[in-house]
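Examining the three-dimensional arrangement
Here's the letter readout for the chains.
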Amino acid sequence: MIGRVGRLGRLGRFSLTNGVSFSPLSLFAASEPGVWLDPSDLTTLFQDAAGTTPVTAPGQSVGRILDKSGRGNHATQATAAAKPTYQVDSNGRGYLSFDGVDDWLVTPTITPGIDKVQVFAGVRKLSDAARAMLLEAGTSGGATGAFNIEAPSIAAPAATYLFTSTGTVARQPVASGFAAPITNVVTSLGDISGDLATIRVNGTQAAQNTDDQGTGNFLAYPLYIGRRAGTSLPFNGRIYGLIVRFGANLTADQIAQTETWMNSKTGAY
Amino acid sequence: MDCPYSAVLILPSEYKDDGDAFSEMMGWGPNCYSVPLSETGHHPATHYGCRAQVQQSFIDMFDDPPMEAVELINVLIPVDGRFLETDDGYTHFATAISEIGLKVIDDVAL
């Protein structure tokens, strides 16, 4: 068993949860659309948007981070002033630092083809001073077939994370009591036809909205990371990892395994 | 590449296109001045800002600017501490715009 764990460790993407190996790649085994960003994996980070100059040390800007889901939805930023920075925290965990002013990344347009989304984010929120967009599909999470995660939200008190899940009607569960600076694994689960919008923090459900979300699938949008549409609501904090999956609802075990994996990259709890 | 300095650059809105064009010409990418600013925090933007980690060579350019940058540098809004040795860009930018009476224009849509 020890030998087996060692071999898995060399692959660099497995963790053990209840004695079972787990990789986020398994979430995309049926070719589910989405993206998996892992800043702890230096081989996925580049200083330029084209992906020609690798990131080799903390303090370097990140113009491209490769998608490990296998879908090819690499996130990029071509403008020098808007690139997040690769950093390593005091526990040796790598992350992307967003300055809360003008840093952001964007993926290509992703076509979900389904009305369910699961998002797992390892984050450190450094400020509650202003509404900020951790992640958003398209230019507004309230648009038809869109979603977003705000860190914090606009509503007072601002010590929050907010998830917006929108079919034709937006629903917004708010996780309160998470005052910055704070490190969390934030999970958001949206199901339009199931009328479920759930936000979990550090492996525990923090809020849920079961009101009607209307109809339709999540629609084709690019994913903006760290700033609304690249123009407003900048996120001030760190991203240790990000998984966005459009696919059938996950089991409780799959959610727990993914949160445990994300926490191994984040150190939130 | 070590970039120990935080830079805050603010332009009147009428020079945004010139600033963006110069930044793109220098290879720094499009839409460099992307933060809309005004005294009220509401539209329309009267100024645009950008914030970046930079090297000493970037700062040196302001002391001995290339000819094509002179006009642009002259219209940048003077702020105390335009360059600071910090990686806390959020505080640097917030302090800089507060000193000149500007606020970020935020989006209030869902």
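See above for the structure.
A brief look at the structure comes next. Predicted model, so just to flag it, every value in this text is computed and none were measured. (Residues numbered from 1 in each chain as written. Chains lettered and ligands numbered in written order. Predicted model: local features only at pLDDT ≥ 70, side-chain atom pairs only at ≥ 80, totals over all residues. Heavy atoms only, no water.)

Topic: the side chain of Asn 263 of chain A
Residue and element names in this part refer to chain A. The cut-off we apply is this: Each helix is a run of DSSP H or I of at least 4 residues and each strand a run of E of at least 2, with the numbering of both proceeding from the N terminus. Type-normalised accessible area, obtained with a 1.4 Å probe on protein chains alone, sets the label of each residue: buried when under 20%, exposed when over 50%, and partly exposed for intermediate values. Any two residues whose heavy atoms approach within 4.5 Å are treated as being in contact.
For Asn 263, the location among the structural elements is in helix H2 (residues 252-266). Assessed through its relative accessible area of 11%, Asn 263 is described here as buried. Setting aside anything within four residues of it in sequence, one finds Asn 263 in contact with Arg 93, Val 185, Ala 268 and Tyr 269.

With respect to the pairing of strand S17 (residues 196-201) of chain A
Regular strands show a simple pattern: their side chains alternate between the two faces of the sheet. Residue and element names in this part refer to chain A. Our working definition: By this definition, two strands are paired if DSSP reports at least two bridges between them.
The buried fraction of S17 is high, at five of six residues. Here strand S16 (residues 182-191) runs beside S17; their pairing, made up of six bridges, is antiparallel. Bridging from a neighbouring strand, Val 186 pairs with Val 201 of S17. In this structure, the hairpin formed by S16 and S17 is closed by a connection of four residues, where Asp 195 is found at a positive phi of approximately 50°. The pairing of S17 with strand S18 (residues 204-209) spans five bridges and is classified as antiparallel. Its bridge partner lying in S18, Arg 200 is registered against Gln 205.

Structural notes on the nonpolar core
Note the cut-off: To define a nonpolar core, start from buried Ala, Val, Leu, Ile, Met, Phe, Trp, Tyr and Cys residues and group those joined through side-chain atoms within 4.5 Å.
With 44 residues, the main nonpolar core has Leu 134, Leu 135, Phe 147, Tyr 161, Ile 225, Leu 242 and Val 244 of chain A as its most contacted residues. Ignoring any residue separated from it by four or fewer positions in sequence, one finds Leu 135 of chain A in contact with Val 119, Phe 147, Asn 148, Ile 149, Leu 223, Tyr 224, Ile 225, Leu 242 and Val 244 of chain A. Judged by nonpolar contacts, the second largest core, of 20 residues, contains Ala 81 of chain A together with Leu 11, Leu 72 and Ile 73 of chain B.

Observations concerning the packing of aromatic side chains
Defined as follows: Working definition: a ring pair exists when centres of Phe, Tyr or Trp rings (six-membered ring for Trp) sit within 6.5 Å. Plane angles under 30 degrees give stacked, over 60 give edge-to-face, the rest tilted. Over a ring means this: the NZ of a Lys or the CZ of an Arg is within 6 Å of the ring centre and within 35 degrees of the ring normal.
Enumeration according to the criterion identifies 13 aromatic pairs over all chains in this entry. On the basis of an interplanar angle of 85° and a centroid distance of 5.9 Å, the ring pair of Phe 147 of chain A and Phe 218 of chain A is categorised as edge-to-face. Of this pair, Phe 147 of chain A sits in strand S12 (residues 147-150) while Phe 218 of chain A sits in the loop between S18 and strand S19 (221-225), and the two are 71 residues apart along the sequence. Neither Phe 147 of chain A nor Phe 218 of chain A differs from the other in exposure class; each is buried. The interplanar angle of 55° and the centroid separation of 5.5 Å between the aromatic rings of Phe 58 of chain B and Phe 62 of chain B together place this pair among those described as tilted. A residue pair is termed a helical-turn pair when its members lie 3 or 4 positions apart in one helix, as Phe 58 of chain B and Phe 62 of chain B do in helix H2 (residues 56-63) at four residues. Assessed through its relative accessible area of 15%, Phe 58 of chain B is described here as buried. An aromatic cluster is defined as three or more aromatic residues linked by ring pairs; in this entry it consists of Phe 22, Trp 28, Phe 58, Phe 62 and Phe 83 of chain B. Sitting over the face of the ring of Tyr 161 of chain A, Lys 125 of chain A holds its NZ or CZ atom 4.8 Å from the ring centroid. Over the ring of Tyr 48 of chain B we find Lys 16 of chain B, and its NZ or CZ is 4.9 Å from the ring centre.

Some words on unusual backbone geometry
The omega angle of the peptide bond from Ala 180 of chain A to Pro 181 of chain A is -5°, so this bond is cis rather than trans. Residue Pro 44 of chain B is bonded to the preceding His 43 of chain B through a cis peptide linkage, with omega at 5°. Relative to the elements of secondary structure, Pro 44 of chain B occurs in the loop between strand S2 (35-38) and strand S3 (47-54). Phi is positive for Asn 202 of chain A, which is not a glycine, with a value near 55°. Within the secondary structure layout, Asn 202 of chain A lies in the loop between S17 and S18. Despite not being glycine, Ala 229 of chain A has its phi angle at roughly 50°, a positive value. Looking at the secondary structure, you find Ala 229 of chain A in the loop between S19 and strand S20 (236-246).

Description of the side chain of Glu 150 of chain A
Residues and elements named next belong to chain A. The residue Glu 150 is located in strand S12 in this model. For Glu 150, a relative accessible area of 1% puts it in the buried group. Excluding its chain neighbours within four sequence positions, the residues that come into contact with Glu 150 are Arg 131, Ala 132, Met 133, Leu 134, Thr 160, Tyr 161, Leu 162 and Gln 172.

A closer look at the layout of surface pockets
Heads up, the condition is: A cavity, in this analysis, means grid points on a 1 Å lattice covering only the protein atoms where a 1.4 Å probe fits yet has no way out; a pocket is instead an open set bounded by protein on both sides within 12 Å along at least five of seven lines, and a residue lines either one if it has an atom within 4 Å of a point. Grid points are joined across faces, edges and corners, and a volume is the space filled by probe spheres set on the points. Lys, Arg, Asp and Glu make up the charged group, whereas Ala, Val, Leu, Ile, Met, Phe, Trp, Tyr, Cys and Pro make up the nonpolar group; the residues left over, Gly among them, are polar.
What the largest pocket holds in volume is close to 780 Å³. Surrounding the largest pocket, 37 residues form its lining, Ala 80 of chain A together with Trp 28, Ala 52, Gln 53 and Val 54 of chain B being those nearest its centre. Contributing elements (two or more residues each) for the lining of the largest pocket: strand S1 (5-12), helix H1 (16-25), S3, H2 and helix H3 (67-75) of chain B. Among the residues forming the lining of the largest pocket, the class breakdown is 22 nonpolar, 11 polar and four charged. In this structure, the second largest pocket encloses a volume near 340 Å³. Looking at the second largest pocket, it is lined by 21 residues, and the ones nearest its centre are Gln 87 and Ser 97 of chain A together with Gln 53, Asp 87 and Asp 88 of chain B. For the lining of the second largest pocket, the secondary structure elements donating two or more residues are strand S7 (85-88), strand S8 (94-99) and S20 of chain A together with S3 and helix H4 (89-99) of chain B. For the lining of the second largest pocket, the residue count by class is six nonpolar, eight polar and seven charged.

Comments concerning the sheet that holds S2 of chain B
Residue and element names in this part refer to chain B. Condition: Helix axes are fitted to C-alpha atoms over the stretch in contact, other axes to C-alpha atoms as well, and angles between N-to-C directions run from 0 to 180 degrees.
In space, the five strands of this open sheet follow the order S4-S1-S3-S2-S5, with antiparallel pairing throughout. Across the chains shown, the open sheet's two edge strands, defined by having one partner strand only, are strand S4 (83-84) and strand S5 (103-104). Of the pairings in the sheet, the one linking S1 to S4 comprises two bridges and is antiparallel in character. Bridged to Ser 6 within S4 is Leu 84. Against the sheet, H4 makes contact with S1, S2, S3, S4 and S5, and its axis sits at roughly 35° relative to S1, the strand it touches most.

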